[in-house]
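Descriptive analysis of the structure
These are the residues of each chain, in order.
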Amino acid sequence: MRPARSLLLVPANRQELLDHEAAHSADAMVLDLASTVPESEKERARPTVGARIAGNPGKRWWVRVNSTAPDLLAADLETTIGIANLEGIVLPHIHSADEILRAEELIGTIEARRGVALGSTDLVVQLDNAKAVFFAHELAAASPRILSLCFNGSQYGDLVTDLGAGWSIDGPELMYARQYALVASRAADMSCPLDGFFANVDDLDGLIRDTEVSRRLGYRGRMVIDPRQIEPVNRIYSPTREEVAYHQRVLDTLETAVAGGRASVTLEGKMIDYAHAATARSVIAQARELGVIS
Amino acid sequence: MKAIRSFLYAPGNRERLIAKAPEAGADAVMFDLADSVPIAEKDTARRLVADALTALHGRNLYVKLNDAGSERVVEDVDAVARLGLCGVLLPNVSTPQTVVELDQLLSQHEQTRGLPDGRIEIILLLETAAAILRAYELAAASTRVASVCCGTAEGGDLIRSLGCGWSLSGPERTYLRGRVLLAARAAQVPWPIDGVYANLEDPQGLEIETRLAQRLGFRGKLAIHPKQIDVINRIFSPTIAEIDWSRRVLAARQGALERGDGFVSVDGIKMTDAAAERAQNLLTLAGEFSR
């Protein structure tokens, strides 16, 4: 998946959030037809999605569909697949690889009917229940369309409710699940593992601390639900200039060492070797992709 | 399984403790036929426990069997599969096959003894390295599995099986408990519980241990002494603040629905329907425990 630090989740029936000035700095937008849209509004919300996306090309757009009921999923996919400029579909409330395969079959059928290239609709699978997290490795491998998994551990959210767990920013409640989802994502070669949203939109300090934990665990981006959350999230998931400078020194130091016949050397007291050079190249490439350096 | 915060152990061979245990204030009694009973007294214990099940029929009564897969389990089940038994705790379980065998054994007795079909519950005591690794398969092996118990007691079987250290808030058990809880819920086990806290002279330690288990999502805990019960019951009960929060969430949700807003906002926190489900669960539990 192309790097996305912030994915602004917007209820499809309340798109005024997109008019907020800060909304434009989100790396991607996710129009939601699922749990943030009440049942009574879904019919009305569905047809607005296509126009919004097609009418705003310079942005990256995703749509989160309903996957709890087959008829809702079908209706949402019918509306969504083939929209010009759509990057992909977020599937929430998945419990097994079988459910992904059923959705994929439906997607394939619609692609064929619409004349859209077969297999061109990409997916992000949301991990929002215990079973999905426990079997994250199997879900990740269920379809080549899946570009990323999104770990959804928000306070009072689906996963926490399913676990019956408490919630805290850096406490132990979700640590295993949040790490496991990350390992499963990386084991499936996903380049941009995603984290869920931070629910308290008034607590920016909390958001910052939680996003720092998320980044340290290895996540590369997260959902946001308020325009104020975008700037800190984008900043925290980007390598800092200091990090980039350090990793440049790693490359330079190792290059000099290798020229002198050694592939292991100390830099600022720490041993570095080819593995560190590989890490450095990855950080520098990420910084370049995100525009931290040119 | 009913909402049970505390299970109090009672050694199956000690008549006086068997008689006292149901009055100690625990939500359930766990009659032990396993480690607390000397081998020579197993038969006596089976008889005493069987009598107690009959006498106390209607209470929440469970029996800890001998090790999974052993011949003793068959004799244990033969003695206790009767009216009054809510469920059995199966210790040292490592393979799904032994869970399936226990399930079948229980079914046979239910049929021949005219007991309701499939009603006797199984609680799995996960206390080996293999059990942690295969927690999901074990939990999914029988529809009777109503609970799994993560047995991480100091000096216990699991700690020995792993060869690891033990501390109250240290990192040794974080992975174990997180994995067991996640696996249990993935298998839709409704009521995961935590194992015993071994130090009877350390109420503070018990408090910290139990709080952590509750935060991780465990719903109850085994108690080895009556003096542990109050702490356990208190920590696994919804608090006044949680009850208040639950009512506000349900009210806010109603308002949000009327406005066509899928997000419910309480104290600045944006929530979806999951929060309403949590609120409802908490209120139901609060109702159960206030009786």
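Residues numbered from 1 in each chain as written. Chains lettered and ligands numbered in written order. Predicted model: local features only at pLDDT ≥ 70, side-chain atom pairs only at ≥ 80, totals over all residues. Heavy atoms only, no water.

On to unusual backbone geometry. One non-glycine residue, A:Y156, lies in the positive phi region at around 60 degrees. Topologically, A:Y156 is positioned in the loop between β6 (146-151) and α6 (158-163). If you check the backbone angles, B:Q188 has positive phi at about 60 degrees while not being a glycine. Among the structural elements, B:Q188 can be located in the loop between α8 (174-186) and β7 (193-194). (Helix = DSSP H or I, 4+ residues; strand = E, 2+ residues; numbered from the N terminus.)

Looking now at the pattern of salt bridges. Using the criterion set out here, one finds 45 salt bridges over all chains in the structure. Close ionic contact of A:E111 with A:R145 constitutes a salt bridge, the shortest N to O distance being 2.8 Å. In this pair, A:E111 is assigned in helix α3 (residues 97-114) and A:R145 in the loop between α5 (136-140) and β6, connecting sequence segments 34 residues apart. Residue classification places A:E111 among the buried positions, given a relative accessible area of 0%. Look at A:R145 and you get buried, because its relative accessible area is 6%. Residue A:E231 pairs with A:R235 through a salt bridge whose shortest N-O separation is 3.1 Å. Of this pair, A:E231 and A:R235 are both found in helix α9 (residues 230-236), four residues apart, which corresponds to roughly one turn of the helix. For A:E231, a relative accessible area of 49% gives the class partly exposed. A residue is classified by how much of its surface remains accessible, and A:R235, at 44% relative accessible area, is partly exposed. Linked by salt bridges that have partners in common, B:R173, B:R177, B:D194, B:E209 and B:K221 make up one network. (Salt bridge = Lys/Arg side-chain N within 4 Å of Asp/Glu carboxyl O. Buried < 20%, exposed > 50% of the residue type's maximum accessible area, 1.4 Å probe, protein only.)

Opposite the 32 residues of chain B that make contact, chain A presents 36 residues. Summed over both partners, the interface of chain B with chain A buries about 3,100 Å², with 63% contributed by carbon and sulfur atoms. When the buried area of chain B at its contact with chain A is split by residue, B:L182, B:R215 and B:R278 rank highest and sum to 21% of it. Inspection of the region where chain B meets chain A yields three salt bridges. Our enumeration of links across chain B and chain A arrives at 13 residue pairs in polar contact (both at pLDDT 80 or more). (Contact = heavy atoms within 4.5 Å. Buried area = accessible area lost by both parts, 1.4 Å probe. Polar contact = N/O pair within 3.5 Å; in protein donor to acceptor, adjacent residues only side chain to side chain.)

Another point: the side chain of B:S237. Residues and elements named next belong to chain B. With respect to the helices and strands, the residue S237 is situated in the loop between α10 (229-235) and α11 (240-259). Under the relative-accessibility criterion, S237 is labelled buried at 17%. A distance of 2.6 Å separates a polar atom in the side chain of S237 from the backbone oxygen of N233. The contacts of S237, once residues within four sequence positions are left out, are R5, E242 and F289.

Our focus in this paragraph is the environment of A:G55. Residues and elements named next belong to chain A. Tracing the chain through its elements places G55 in the loop between α1 (39-54) and β3 (61-64). Using a relative accessible area of 54% as the deciding quantity, one classes G55 as exposed. As a C-alpha pair, G55 and E39 span 16 residues in sequence and 26 Å in three-dimensional space.

A few words on empty space enclosed by the protein. Empty space left among the atoms is revealed by rolling a probe the size of a water molecule over them. All names here are of chain A. This model, assessed by the stated rule, comprises three cavities of 30 Å³ or more. The calculated volume of the largest cavity comes to roughly 180 Å³. For the largest cavity, the lining is made up of 20 residues, of which G153, W167, L174, R178 and D210 are closest to its centre. A class-by-class count of the residues in the lining of the largest cavity yields eight nonpolar, seven polar and five charged. (1 Å grid on protein atoms, 1.4 Å probe; cavity = no way out; pocket = protein on both sides within 12 Å on 5 of 7 lines; lining within 4 Å. Points joined across faces, edges and corners; volume = space filled by probe spheres on them. Nonpolar A, V, L, I, M, F, W, Y, C, P; charged D, E, K, R; others polar.)

Attention now goes to the pairing of strand β4 (residues 87-90) of chain B. Strand residues, when the strand is regular, have side chains that alternate between the two faces of the sheet. Residue and element names in this part refer to chain B. Here β4 shows a buried face lined by G87 and L89 and a second buried face lined by V88 and L90. Note that strand β3 (residues 61-64) and β4 share three bridges and pair parallel. Among the inter-strand pairings, V63 is bridged to a residue of β4, identified as V88. Handedness of the crossover joining β3 and β4 through helix α3 (residues 71-80): right-handed. The sheet contact formed by β4 and strand β5 (residues 121-126) spans four bridges and is parallel. Paired with G87 across the bridge in β5 is E121. Each parallel crossover has a hand, and the one from β4 via helix α4 (residues 96-112) to β5 is right-handed. (Pairing = 2+ DSSP bridges. Right-handed = clockwise from strand over helix to strand, strands pointing away.)

Below, the discussion takes up the layout of surface pockets. Of the pockets and cavities examined, the largest pocket occupies roughly 1,200 Å³. If you trace the largest pocket, you find 47 residues lining it, with A:T161, A:G164, A:A165, B:R278 and B:N281 closest to the centre. Elements supplying a minimum of two residues to the lining of the largest pocket: α6 of chain A together with α8, α9 (203-216), α10, α11 and α12 (273-289) of chain B. A per-element tally of the lining of the largest pocket places α12(B) first, with ten residues.

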